[in-house]
Amino acid sequence: MNPQENTLNIKAVEGYLEKNLSGFKGPFSAEKFDVGQSNPTYLLRTPDQSFVLRRKPAGVLLKSAHAVDREFRVQSALADSKVPVPEMYLLCEDDAVIGSAFYVMEYREGRSFVDPTMDGVDKATRTGIMDEMNRVLAELHMVDIDAVGLSDFGPPGNYFERQISRWTQQYRATQTEQIGDMDLLISRLDHELPQDDGQRTLVHGDYRIDNLLFQQDGTDCVAVLDWELSTIGHPYADLAAVIMQWQLPPGKEGRGLAGVDREALGLPSDAAFVADYCKRRGRKEIEHFGFYLAFNFFRMAGILQGVYKRSLDGNASDPVRAQKFGAYVPIFAKHGLAALDS
């Protein structure tokens, strides 16, 4: 374990915020959230209010990973949109302050669900939350990227072609053993790439229920979190990411809906969720959905491989949990191949 990873230099943060954040007054306490494997996130509590600080992890990092500056920019741009985000307060790109870049944002109260079965929630509330999840996703993809100043937030060209290239490079850079199914999946994705249909929207990159906060006593979404993978790209990547998650086993590890009686719980089928999304966006049915699903399995395998490699290097946010992720990479690769064949 890297001790810098799970501790925060409170004195340095307090001094910096008192000088640079209007209205901030210490002292404060810091508590690290126990979720997330990428950018360590802390709840800062002062006598008067609370804030959230999110930083890059310590250690040697891949060039394009952990871009907290991009997270800060995209959430700032969405402040007046129909996509709920916390208010952004301050971005510090000076590594000398605490050893890495960080930003501070509003702390929003809300409830989160690790597992989409939402254990302990009644059927009507589950239905409402899933519909809200669908609505927010559609709103995200209807944001006018020119109007909010994000037209340059991602390069032009075929999003999936670009992403397959990027994540292949990331995977190769963190690869610890040869996995035949992963090699085959990369090759097939390259060869089965659908023709670009011209859609170019803001995409979250990791849209799933555990990255959303909902009202404590209702179904409205109060915040979409964890924007590290956001860019300008193709909206079906986000939509297929939701369906990909649901293919996995339920519970804290898989966080999926495989084998779950969704109707009994008030949860939508894959087809119903996709149909509602298309209706909200005024789109027809989606062709080549198996490819978009396979792409998400591939990318998640690459992410898990990176987290596993960081655990070996001592830079993981949650080292014990990260050690388990290496075993999941071949499983996701196999799911990706099955999606292409579906």
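Residues numbered from 1 in each chain as written. Predicted model: local features only at pLDDT ≥ 70, side-chain atom pairs only at ≥ 80, totals over all residues. Heavy atoms only, no water.

Draft legend 1. Summary view of the sheet that holds strand 4 (residues 88-92). Overall, antiparallel pairing links the five strands, which are arranged 1-2-3-5-4 in an open sheet. Of all the strands in the sheet, just strand 1 (29-32) and strand 4 have a single pairing partner and so form its edges. Across the sheet, the mean angle from the axis of one strand to that of its neighbour is 25 degrees, orientation sign disregarded. Two strands pair when backbone bridges link them, and strand 4 and strand 5 (residues 102-106) are joined in this way by four bridges, in the antiparallel orientation. Bridge pairing in strand 5 links Leu-90 to Val-104. The strands touched by helix 1 (residues 10-20) are strand 1, strand 2 (41-45), strand 3 (50-55), strand 4 and strand 5; relative to strand 4, the strand with the most contacts, the crossing angle is about 115 degrees. Sheet strands touched by helix 2 (residues 68-77): strand 3, strand 4 and strand 5. Its angle to strand 4, the strand with the most contacts, is close to 155 degrees. (Pairing = 2+ DSSP bridges. Helix = DSSP H or I, 4+ residues; strand = E, 2+ residues; numbered from the N terminus. Axes fitted to C-alpha atoms, helices over the stretch in contact; angles between N-to-C directions. Contact = heavy atoms within 4.5 Å.)

Draft legend 2. The arrangement of the packing of helix 9 (residues 289-313) against helix 11 (residues 329-341) in detail. Put simply, helix 9 and helix 11 touch, their axes get as near as 8 Å, and they point 170 degrees apart. When the axes of helix 9 and helix 11 are compared, the pair comes out roughly antiparallel. Across the interface between the two elements, Gly-290, Phe-291, Leu-293, Ala-294, Phe-297, Met-300, Ala-301, Leu-304 and Gln-305 of helix 9 pack against Val-329, Phe-332, His-335, Gly-336, Ala-339 and Leu-340 of helix 11. Grouping the amino acids of the contact of helix 9 with helix 11 by side-chain chemistry returns 11 nonpolar, four polar and no charged. (Parallel < 35°, antiparallel > 145°, perpendicular 65-115°, else oblique. Nonpolar A, V, L, I, M, F, W, Y, C, P; charged D, E, K, R; others polar.)

Draft legend 3. Structural context of unusual backbone geometry. In this structure, the amide linkage connecting Gly-26 to the following residue, Pro-27, adopts the cis form with an omega of 0 degrees. Relative to the assigned elements, Pro-27 resides in the loop between helix 1 and strand 1.

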